[in-house]
Amino acid sequence: MRILSLDIGRKRTGVAFLDEEAIGIVMPLKTLRHGSEQEFLDAVSMIIRDRGVHQIAIGLPKLLSGKEGSQAEFVRSRAERLRVLGIPFTFVDERYTSRELSPALPRRKSPGRVNPDELAVIAILEAYIRS
């Protein structure tokens, strides 16, 4: 199965990919930068087409209380737009992904360091696989 993971933001979206049959390793893809809903949809659509994606795991940013705030509402609205692509998607609670990764997060940008957006979206995909 080919799985795409998205960490949806208002201006950029972290993306990771897993092809379980071919490589079996979660790979971060280039972070998407988008100014509009249509740019977001077009970019995700291209990745789905190019990589033959079967399933999408979307990080849902719940509050620590477990309730959903305005960011979760935003993510759900963007995810709804993905329905037109015909690929099933699942939400993954991302409350603790940052905490799990916090020791690995770089303090500042430097060559060779992994982007925090990439680390977060990898954790979302790994959480999805474990569930």
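See the structure shown above.
Below or above, wherever it landed, is the structure these notes cover. Since the model is a prediction, treat every value here as computed from it, not as a measurement. Position numbers for residues start from 1 in each chain and track the written sequence from start to end. The predicted origin of the model limits local features to residues at a pLDDT of at least 70 and limits the giving and counting of side-chain atom pairs to 80 or more, whereas totals for whole chains, interfaces and linings rest on all residues. Working from all heavy atoms in the structure, the side-chain values ignore hydrogens and water.

### Focus: the nonpolar core
By convention a nonpolar core is built from buried Ala, Val, Leu, Ile, Met, Phe, Trp, Tyr and Cys residues, the set being connected through side-chain atoms within 4.5 Å. Only protein chains enter the accessibility calculation, which uses a 1.4 Å probe; a residue whose area is less than 20% of its type maximum is buried, one above 50% is exposed, and one in between is partly exposed. In terms of nonpolar packing, the biggest core is built from 23 residues, with Leu4, Leu6, Val44, Ile56 and Ile58 touching the most fellow members. Counting residues per element, the ones that place at least two in this core are strand 1 (2-8), strand 2 (12-19), strand 3 (27-33), helix 1 (37-51), strand 4 (55-60) and helix 2 (70-82). In what follows, residue pairs with any heavy atoms lying within 4.5 Å of each other are defined as contacts. Here leucine 6 is in contact with Thr13, Gly14, Val15, Val44, Ile56, Ala57, Ile58, Gly59, Leu82, Val121 and Ile124, once residues within four sequence places are set aside. Core analysis: the next-biggest nonpolar cluster, separate from the first, contains twelve residues, Val26, Ala57, Val92 and Ala127 among them. Secondary structure elements follow DSSP: runs of H or I of four or more residues count as helices, runs of E of two or more count as strands, with numbering from the N terminus.

### Brief notes about the side chain of aspartate 7
By secondary structure assignment, the location of aspartate 7 is in strand 1. It turns out aspartate 7 is buried and unbridged, and the closest side chain with the opposite charge, arginine 12, is 8.0 Å from it. For aspartate 7, the residues in contact, after removing those within four places along its chain, are Arg12, Thr13, Gly14, Glu94, Ala120, Val121 and Ile124. Under the counting rule used here, the positive set is Lys and Arg, the negative set is Asp and Glu, and His together with the chain ends is not counted. One speaks of a salt bridge when a side-chain nitrogen belonging to Lys or Arg is within 4 Å of a carboxyl oxygen belonging to Asp or Glu.

### What to know about helix 2
Given a helix with a known number of residues, its expected span is that number minus one, times 1.5 Å. For helix 2, spanning 13 residues, the distance from its first C-alpha to its last is 19 Å, which sits close to the expected 18 Å at 1.5 Å a residue. The set of residues buried in helix 2 consists of Ala72, Phe74, Val75, Arg78, Ala79 and Leu82. Mapping the buried residues of helix 2 onto a view down its axis gives an arc of 155°, with all of them on the same face. Along helix 2, exposed side chains directed more than 90 degrees from the buried face belong to Ser70 and Glu73. Against the buried residues of helix 2 lie strand 1, helix 1, strand 4 and strand 5 (89-93). What the arc measures is the spread of directions leading from the helix axis to the C-beta atoms.

### Digging into helix 1
Here helix 1 is 15 residues long and its end C-alpha atoms lie 21 Å apart, about the 21 Å a rise of 1.5 Å per residue gives. The complete set of buried residues in helix 1 reads Phe40, Leu41, Val44, Ile47 and Ile48. In an axial view of helix 1, the angular spread of the buried residues amounts to 130°, which keeps them on one side of the axis. When the buried face of helix 1 is taken as reference, the exposed residues oriented beyond 90 degrees from it are Arg49 and Asp50. The inward-facing, buried residues of helix 1 contact strand 1, strand 2, strand 3, strand 4 and helix 2.

### Brief notes about the packing of helix 1 against helix 2
In this analysis an axis means a line fitted to C-alpha atoms, helices contributing only their contacting stretch, and an angle means the value between N-to-C directions, from 0 to 180 degrees. For the pair helix 1 and helix 2, interaxial distance at closest approach is 10 Å and the crossing angle is 55°. As far as their axial angle goes, helix 2 and helix 1 are oblique. The two elements helix 1 and helix 2 meet at a crossing, and its hand is right-handed. The residues of helix 2 that touch helix 1, namely those facing Glu37, Gln38, Phe40, Leu41 and Val44, are Arg78, Arg81 and Leu82. When an angle is under 35 degrees it counts as roughly parallel; over 145 it counts as roughly antiparallel; between 65 and 115 it counts as roughly perpendicular; any other value is oblique. Working rule for handedness: look at the near helix, and if it is turned counterclockwise from the far one by less than a right angle, call the crossing left-handed; if clockwise, right-handed.

### Let's talk about the sheet that holds strand 3
In space, the five strands of this open sheet follow the order 3-2-1-4-5, with mixed pairing throughout. At either margin of the open sheet sits one strand with a lone partner, and together these are strand 3 and strand 5. Recorded for the sheet is a direction-independent mean angle of 25° between the axes of neighbouring strands. By this definition, two strands are paired if DSSP reports at least two bridges between them. Across five bridges, strand 4 lies against strand 5 in parallel orientation. Along strand 5, the bridge assignment pairs leucine 60 with aspartate 93.

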